[in-house]
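Understanding the architecture of this molecule
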Amino acid sequence: MIIREIKKEDNAKVKEIIQDSLKSLGLAIPGTAYFDPQLNDLYHYYTNLKHANYWVVEMEGEVVGGIGIAPFNEHEKICELQKLYLTPQTQGLGFGKKLMETALSFASKHYTKCYLETQHELKAACKLYEKFGFTLLHEPLSGSDHSAMDAWYLTGLN
């Protein structure tokens, strides 16, 4: 397993992983990342934002997932953990944990809090977020883009 920053040539594979994952969960709907306009070019999206990054994880030379950090509320020093997706065959192997460690380590250098949006039905993901100290909120933070999400988490960063 190798975790590295996204390259331009990773764009199509990462988009495929994200959309296939959402489709398999019945979440290829408006209000999810499925229709995010930046999915076509995540490399440029993240490299053009200040204090943002996207990492991919490779297994045997193939991109099998990724995770991003982007600003959410710069005034309050809150970032957003975005687009944590893995291919089905790599789920449960600890890749999500390693991606989370990478992203939150980066985030802690630039922000004081990290926010994320997901769905309650994604139980394994919710469990992972809670292991990393994320607390479930009663409602989304102001400025949220993904209206189809029903679980919102926040954590402090050290």
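Owing to the predicted nature of the structure, the values given are computational and were not obtained by experimental measurement.

A count of helical and extended segments in the protein chain gives four helices and seven strands. The order of α-helices and β-strands along the protein chain, N terminus first, is β-α-α-β-β-β-α-β-α-β-β. On the principal axes, the C-alpha backbone points of the protein chain span a range of 40 × 30 × 30 Å. The buried share of the protein chain, reckoned over its 158 residues, is 46%. A sequence separation of at least 24 residues applies to 64% of the contacts in the protein chain between residues at least 6 apart. Of the side-chain charges in the protein chain, 16 are positive and 20 negative, and the distance between the mean point of each set is 5 Å.

The next thing to look at is unusual backbone geometry. Although it is not a glycine, glutamate 60 adopts a positive phi angle of roughly 50 degrees. Checked against the element boundaries, glutamate 60 lands in the loop between β2 (53–59) and β3 (62–73). Judged by its relative accessible area of 80%, glutamate 60 is exposed. Even without a glycine there, the phi angle at lysine 77 is positive, about 55 degrees. Among the structural elements, lysine 77 can be located in the loop between β3 and β4 (78–86).

Cut-offs applied
- Residues numbered from 1 in each chain as written.
- Predicted model: local features only at pLDDT ≥ 70, side-chain atom pairs only at ≥ 80, totals over all residues.
- Heavy atoms only, no water.
- Helix = DSSP H or I, 4+ residues; strand = E, 2+ residues; numbered from the N terminus.
- Buried < 20%, exposed > 50% of the residue type's maximum accessible area, 1.4 Å probe, protein only.
- Contact = heavy atoms within 4.5 Å.
- Lys, Arg positive; Asp, Glu negative; His and termini not counted.
- Charge placed at Lys NZ, Arg CZ, Asp CG, Glu CD.

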